[in-house]
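Spelled out from the first residue to the last, the chains are:
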Amino acid sequence: MAITSDDIKLMQPERLTDNDDGGGQMTGREVVDGDINNLFEDISRVDRTYGEVSLRKSFLKVDTDTADLYLDAHSIISAQPLDPNVTGLLFTTQNFYDERAGARQRVESFVVPGPVTGLALRGNQLQGQRSVICFAPTVNNVTAPEIGETLLLQEGEDLSTQQFIKILNVTTTTETFTYQVNNGDIRTFTADQYILELSAELKQDFPAADPSPKPGGPSLIYSTQPATSAKYYGSTSLATAASGGDLAITVADTFAPIIPTASNETPVIDQRPGGYVSQVVAIGPNPVSIPVTIGAGDVSTLPTAVVPGSVSFSLGGETYTDKGGVFVAAGGGAGNLDGATIDYGSGLIAWEGAGSGSVTLNYRPGALRQQIPNTGRIDIDESNRNFNYVLSLDPAPSPLSLHLSYQYLGKWYTLADDGTGSLVGNGSGQVNYATGSVIATLQAQPDAGSVIFYRWTDASIYLQDPDAYDGVIPLSIQLGAAKVVAGSVTLSWDVSGSPKTATDVAADGAITGDATGRINYSAGEIDLTTALNADGDVAVEYTHKDDADQTSTVTVPDNDDQSDIIIETAAGIEPGSVDFTILKSVERKVVNGVGQVLSTSYISQSHWITDNGDGALLNRRDLDVVGTVNYSTGQLVVAGATFLKQVNG
């Protein structure tokens, strides 16, 4: 009687569990086709969240009453589970009696032990450690362990103590050890010491003897080599339809996961390690007044960003100011504005609390700027795990820009300044915006082997000229034509019926008379810095040139010794017509309190330079004289000692 496919049955082992003793030899219980959970249990919520590997052993049996010869039997996975997060694979250990622990060892044995290395453990390595310390005498020329390498620890000849360790990081030092010889003499030897950071903690203690130049010890370190200990069989789907006679097919994937992992790779491009930090920069020395209506649930949007700590107003006989994004009364509490908040960057105020009414709100306007931050770090080891850390930041941080992160039990926590000098978040502390002194108190001691990372921006690159604002609103006049002839400008207006005038009579770019200011001859732009109080329009008379511009591009060589920059152009330059841009690279160093340079960066600055019509080159950024122009020869000289002067380190 022929053997049919119905006679080939799948049989259960002794124990269908994921315990270490799961599996065992074959039983007479059949795995009935179509029965739910006939091999595997339902997937729990915990397993679906964290991942799980379930191993089940089964046997093929030819179940007949005869001794007929069968050609062969095989098993396949004809289709993968419908759940995209579940994958099925087949493999065999070629062992009729083995249990789950042995099958698991086969899965995990992607490498096998090799010969003993020349490394020896330094001191007892204890269960739970995520790093081990080992050494090798320098004279032995032992190959240093590498990141990504897998080694094997074993105590003596006890195979049950074997543990494979994968190296994540290696720290190398040179040490000198002493040892005693047979006659009692004390000698020394030099060794390379390695601290190996591991991917998993040690599962048991590994004892070690005192350092000695002789090999050996209670525990040994073995090298490993790759091994194909198990072959896995599964199934996949076609990526494109196949036809009869095809010599090649395209499948969706040739890999399947075996060990679940919670990690995922996400490529990130065009990002800076320190990121970007937004800061509010004051745009004027004086506050402004804005009428606002206060009521629970109301929202007020101020026209500009707000300088932290500059807000004040009176409500219900109580004076309120801002502190760290909230409002406080004179006594320090929130009063009738409990829950009200202000976003300094957007100027958005969300009102809450029992207070209501119409008030005049005073604040100092600012501008929101995004800036690449300065960064620093503190490497944490057993010797400096503390709750309190003191920093001396140079340059001093601007309000709302300091962020400090630390790691505790593998999780990151953050502190940030609130704009008033206090550190808030997962800890507390204070920051002095004037001196750069910071004291940070963490909620827990950071993990050994981690880092404290901090970043901040400084406001020193934004300078306010104290003479640029005297309470008078500046006035800019754009003339209808550029290339103004130096000395030809006359402004006329009336104040209470009395005629007033101002001119550039000196032809040096200065406007003098009943109003003062400056003129950019090349662009045809007049900036007045005194009030006109004109009865009506201001009349401007001037002469301009219609000649075509002559342009040239000059490459300026690297200059780090502050030498003059000489630019040769065509002879016969019209006074007031020079207009060019030059790029200057500014080096910025971040130094800690002991003078150690923490970071160095370079900022490219574009400077717009024109002549004043009287032979001087002006930097339009601050109207400083930065060089000279010879109108006859066409030679421009940018004074290195002035233009390339050192500022702010």
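Note: the structure precedes this text.
Scope of this entry: the structure provided in the associated data block. It should be emphasised that the depicted structure is a prediction, and the values quoted were computed from it without experimental measurement.

Basis of the calculations
- Residues numbered from 1 in each chain as written.
- Predicted model: local features only at pLDDT ≥ 70, side-chain atom pairs only at ≥ 80, totals over all residues.
- Heavy atoms only, no water.
- Pairing = 2+ DSSP bridges.
- Helix = DSSP H or I, 4+ residues; strand = E, 2+ residues; numbered from the N terminus.
- Salt bridge = Lys/Arg side-chain N within 4 Å of Asp/Glu carboxyl O.
- Buried < 20%, exposed > 50% of the residue type's maximum accessible area, 1.4 Å probe, protein only.
- Axes fitted to C-alpha atoms, helices over the stretch in contact; angles between N-to-C directions.

So, on to the pairing of strand β21 (residues 365–371). Sheet analysis places strand β11 (residues 277–282) next to β21, joined by six bridges and oriented antiparallel. Looking at the pairing, V281 lines up with A367 of β21. As paired elements, strand β14 (residues 305–306) and β21 share two bridges and run antiparallel to each other. When the sheet's bridge partners are listed, V306 is paired in β21 with P365.

Under the defined criterion, the tally for this structure stands at eleven salt bridges. One salt bridge in this structure joins R15 and E14, with 3.9 Å as the shortest N-O distance. For E14, a relative accessible area of 34% corresponds to the partly exposed category. The partner of K545 in a salt bridge is E574, and the shortest N-O contact between them spans 4.0 Å. Within this pair, whereas K545 is found in the loop between β36 (539–541) and β37 (565–568), its partner E574 is found in the loop between β37 and β38 (579–591), the two being separated by 29 residues in sequence. The exposure class assigned to K545 is partly exposed, which follows from its relative accessible area of 33%.

The strand order across the open sheet formed by three strands is β2-β1-β3, and the pairing between neighbours is antiparallel. Pairing within the sheet leaves two strands with one partner each, and these edge strands are β2 (23–30) and β3 (59–62). In this sheet, adjacent strand axes meet at a mean angle of 50 degrees when their direction is disregarded. Summarising the sheet, strand β1 (residues 8–15) and β2 pair through three bridges and their orientation is antiparallel. Bridge assignment links M11 to a residue of β2, and that residue is E30.

By themselves, these are just geometric observations and shouldn't be taken as functional.
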